[in-house]
Amino acid sequence: MDDDNQIPGCLSLTPFKFLSRKVKASAAQKHSHKSPIVETTSILKPCGVEVECKIGETPPSYSSTVSDEPIFRPDVLKTIDARIDELDPELRKLSLQIHDHPEIMFKEKFAHDLLTEFMSSHGFSVTQHYLGLSTAWRASFKHGTDGPVLGVNSEMDALPGIGHACGHNLIAIAGVGVALGVKAAMQAHNIAGEIVLLGTPAEEGGGGKIILLDRGGYDDMDVCIMCHPGPGCSDPMFDIIHCLAVQIIEIEFFGHTAHASDAPWEGINALDAAVLAYTNISALRQQIKPTHRVHGIIEGRDWVANVIPDYAKLTYAVRSPTEDELTELLKRVTACFDAAATSTGCTHKIVQGLLHSELRQNPVLGREFTKLATKRYNLTQADPRESTGSTDFGNISKALPSLHPGYTIPALASNHTPEFANASRTAAAHSATLETTKVLSGIGVRVLADDTYLEEVKHAFAAAKRAATSIVSV
């Protein structure tokens, strides 16, 4: 795939039902015919904007989903909290440095060098350019002679033109914070095991984690965890979200040039093929499920109005809730491209990128996250909705027990917008990230220190895998 022509693979989180809010009108709005009443994804007060929240109904209670089990090892959690609070200025500096030096997929050299140097300075064994990927890295710390291996991920890549509009600067420091927080707990409380932090490039369409998975980068892990920010208001919220499977496709049409006015009959128009394919897909959308997504763009080269184009390219992302549904949808989408080539006389080539699996959250890890977040850190669980984003972490979640919660930062626009890029460098976003980092660290420590709990996690993973296999075989 072309580095500069990516289809974002990330979550684009909006894990809430939409509730109305009234925003105080700006001077421009007062003279506009447009109403200042807008729809939003949150029920709290966002950063920098006066908001009156109007809630039509009481949000559902999540207390029934929170375990009554006592919080595991509060003494260990206190150590984690203190260490992450101590690291706050350093993590903030890292986040801003990465944010202010955005790098697109597979080009995260600045972030690679910055983060590996940082982890090395904090006592981790670091491998740069991990498994043949120039901007991937691995940092590990081991305490004792045995014990489980906890995996954590730090993403680093930005989006072309709009920088860190998906908050990967925050994901980077969350991974670092978890690794250092858990390390402090392991040392202070003599907890045996190993923590492995992977710097994973190219989440935004390049499938960096999938490449590392295929090359054995996750083979030694018992569990893997990470988190992802989305838009919300001043008080952080969280949810254990689902993400869609996605297949990225590049379609090239090849025709023949001719003078567009003098002898158009001598040409074979590749642009016509691309336009027909695009409209075929648009028509197909009427007959696909509301949980499916098909979206893409048209590109060309050396196009001028008086020459029949002999080349055109489309890049599409095709998404479904599961890989099996995606397989069926891909057949229908491919037929749209074939038909366009046939009707115009063009030849065409279809290249599929890495398949991103749906995200399978481990329920035992998810319940622990919810319990810690709500009982210890007083975070609010969001009213959930189905996510329409995707992530290369989905493949990790099918390979080993995993958790990938979403959390909110104060933002008035969704991921993949300039507004969200600006929001991801605020102090409030940093604070929300550290709260989530503490929760994830607590889960990580329990994975390492509680053998019975780890067995429950693995049992749930195996059960989910068996259930998925039986559904496929029916």
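Residues numbered from 1 in each chain as written. Predicted model: local features only at pLDDT ≥ 70, side-chain atom pairs only at ≥ 80, totals over all residues. Heavy atoms only, no water.

**Q** Where do I start with the overall build of the protein in this structure?
**A** Looking only at helices and strands, the protein features 12 helices and 17 strands. Within the protein, the proportion of its 474 residues that are buried is 53%. For the protein, contacts bridging at least 24 residues in sequence account for 81% of all contacts bridging at least 6. Here the protein displays about 19700 Å² of accessible surface, and carbon together with sulfur accounts for 53% of that area. (Helix = DSSP H or I, 4+ residues; strand = E, 2+ residues; numbered from the N terminus. Buried < 20%, exposed > 50% of the residue type's maximum accessible area, 1.4 Å probe, protein only. Contact = heavy atoms within 4.5 Å. Areas by Shrake-Rupley, 256 points an atom, 1.4 Å probe, with all protein chains shown as cover.)

**Q** What exactly am I supposed to notice about the sheet that holds strand 10 (residues 237-239) here?
**A** Backbone-to-backbone hydrogen bonds pair the strands of a sheet. The strands run either parallel or antiparallel. In space, the four strands of this open sheet follow the order 9-17-10-15, with mixed pairing throughout. Only two strands of the sheet have a single partner each, and these edge strands are strand 9 (228-232) and strand 15 (380-381). Of the strand pairs in this sheet, strand 10 and strand 17 (residues 406-410) are connected by two bridges, and their pairing is antiparallel. Bridging across to strand 17, Asp239 finds its partner in Gly406. Most of the contacts of helix 4 (residues 168-189) go to strand 9, to which it runs at about 130 degrees, and overall it touches strand 9 and strand 17. (Pairing = 2+ DSSP bridges. Axes fitted to C-alpha atoms, helices over the stretch in contact; angles between N-to-C directions.)

**Q** How should the pattern of salt bridges be read in this particular structure?
**A** Note that side chains of opposite charge can pair when their charged atoms are close. Taken as a whole, this structure holds 23 salt bridges when the rule is applied. Between Arg83 and Glu86 there is a salt bridge; the shortest N-O distance is 3.0 Å. Remark: Glu86 and Arg83 occur in helix 2 (residues 74-99); sequence separation between them is three residues, near one turn of the helix. With relative accessibility at 53%, the residue Glu86 sits in the exposed group. With its nearest N and O atoms 2.8 Å apart, the salt bridge here joins Asp100 to Arg425. (Salt bridge = Lys/Arg side-chain N within 4 Å of Asp/Glu carboxyl O.)

**Q** I keep staring at the confidence of the model for the protein and nothing clicks. Help me out?
**A** Low pLDDT means the predicted coordinates in that region are not meant to be read closely. Model confidence for the protein is summarised by a mean pLDDT of 88, while 84% of its residues fall at 70 or above. In this model, residues 1-5 is a region of pLDDT below 50 whose contacts with residues beyond four sequence positions or in other chains number 15 contacts. Overall, residues 12-64 carries pLDDT values under 50, and its contacts beyond four positions in sequence, including any with other chains, amount to 91 contacts. (pLDDT = per-residue confidence, 0-100.)

**Q** I would appreciate a short explanation of the pairing of strand 11 (residues 245-254) in the present structure.
**A** Each regular strand displays side chains that alternate between the two surfaces of the sheet. In terms of residue burial, strand 11 counts as a mostly covered element, since nine of its 10 residues are buried. Looking at chain direction, strand 11 and strand 13 (residues 311-320) are connected through 10 bridges and run antiparallel. Within strand 13, the position partnered with Val246 by the bridge is Arg319. Bridge count between strand 11 and strand 14 (residues 347-352): six bridges; the pairing is antiparallel. Each bridged residue has a counterpart across the sheet, and for Phe254 the counterpart in strand 14 is Thr347.

**Q** What's the story with the packing of aromatic side chains in this structure? I'm lost.
**A** For any pair of aromatic rings, geometry is given as the distance between the ring centres together with the angle between the planes. All chains considered together, the criterion is met by four aromatic pairs. Judged by centre distance (5.9 Å) and plane angle (45 degrees), the ring pair of Phe124 and Phe141 falls under tilted. With Phe124 in the loop between helix 3 (109-121) and strand 4 (125-128) and Phe141 in strand 5 (residues 137-143), this pair connects stretches of sequence that are 17 residues apart. As far as the burial class goes, Phe124 and Phe141 line up, both buried. Look at Phe238 and Phe369: their rings are 5.4 Å apart centre to centre, the planes differ by 65 degrees, and that puts the pair in the edge-to-face class. (Phe/Tyr/Trp six-rings, centres within 6.5 Å; stacked < 30°, edge-to-face > 60°.)

**Q** What should I look at first to understand the pairing of strand 5 in this one?
**A** Along strand 5, five of the seven residues are buried, which leaves the element largely enclosed by surrounding structure. In the sheet, strand 5 pairs with strand 7 (residues 193-200) via seven bridges, with the strands oriented antiparallel. The residue of strand 7 that forms the bridge with Ala139 is Leu197.

**Q** Would you take a moment to explain the environment of Val333 for this structure?
**A** Looking at the secondary structure, you find Val333 in helix 7 (residues 323-344). Each C-alpha atom, one on Val333 and one on Asn280, is 8.6 Å from the other, the two residues being 53 residues apart in sequence. Beyond its immediate stretch of four places on either side in the chain, Val333 contacts Ile281, Leu284, Val294 and Val318.

**Q** How should the packing of helix 2 against helix 11 (residues 427-449) be read in this particular structure?
**A** Across the interface, helix 2 lies against helix 11 with an axial gap of 10 Å and an inter-helix angle of 145 degrees. Helix-helix and strand crossings are classified by hand; for helix 2 and helix 11 the assignment is right-handed. Along its contact with helix 2, which presents Val76, Leu77, Ile80, Asp81, Ile84, Asp85, Asp88, Leu91 and Arg92, the element helix 11 presents Ala427, His430, Leu434, Thr437, Lys438, Ser441, Gly442 and Val445. For the contact of helix 2 with helix 11, the per-class residue count stands at eight nonpolar, four polar and five charged. (Left-handed = near helix turned anticlockwise from the far one by under 90°. Nonpolar A, V, L, I, M, F, W, Y, C, P; charged D, E, K, R; others polar.)

**Q** Would you mind showing me how to read the environment of Thr408 here?
**A** Its location among the elements puts Thr408 in strand 17. Sequence-wise, Thr408 and Pro236 are 172 residues apart; in three dimensions their C-alpha atoms are separated by 5.3 Å.

**Q** When you look at the sheet that holds strand 5 in this model, what are you seeing that I'm missing?
**A** Overall, mixed pairing links the six strands, which are arranged 4-5-7-6-8-16 in an open sheet. In this open sheet, the two edge strands, each paired with only one partner strand, are strand 4 and strand 16 (402-403). Relative to strand 8 (residues 223-225), strand 6 (residues 149-155) is paired through three bridges, and the arrangement is parallel. Bridge assignment links Gly151 to a residue of strand 8, and that residue is Cys224.

**Q** Looking at this structure, how should I read helix 3?
**A** Along an α-helix, residues three or four positions apart point the same way, because every turn accommodates 3.6 residues. Taking 1.5 Å per residue, 13 residues should reach 18 Å; helix 3 reaches 18 Å between its end C-alpha atoms and fits that length. Of the residues making up helix 3, those classed as buried are Ala111, His112, Leu114, Leu115, Thr116, Phe118 and Met119. Elements that come into contact with the buried residues of helix 3 comprise helix 2, strand 4, strand 5, helix 4 and strand 7. Looking at the residues trailing helix 3, positive phi occurs at Gly123, about 85 degrees. (Expected span 1.5 Å × (residues − 1).)

**Q** Hey, could you run me through the environment of Phe238 in this one?
**A** Tracing the chain through its elements places Phe238 in strand 10. If near-sequence neighbours (up to four positions away) are discounted, Phe238 is found in contact with Phe369, Thr370, Ala373, Thr374, Leu379, Thr380, Gln381, Ala382, Gly406 and Tyr407.

**Q** Please clarify how a nonpolar patch on the surface should be interpreted in this entry.
**A** On the surface, Val275, Tyr278, Ile298 and Trp303 cluster together into a nonpolar patch covering about 320 Å² of accessible area. Structurally, Tyr278 is set in helix 6 (residues 270-284). Owing to a relative accessible area of 34%, Tyr278 belongs among the partly exposed residues under this scheme. (Patch = residues over 30% accessible without salt bridge, like charges linked within 9 Å, V, L, I, M, F, W, Y side chains within 5 Å.)

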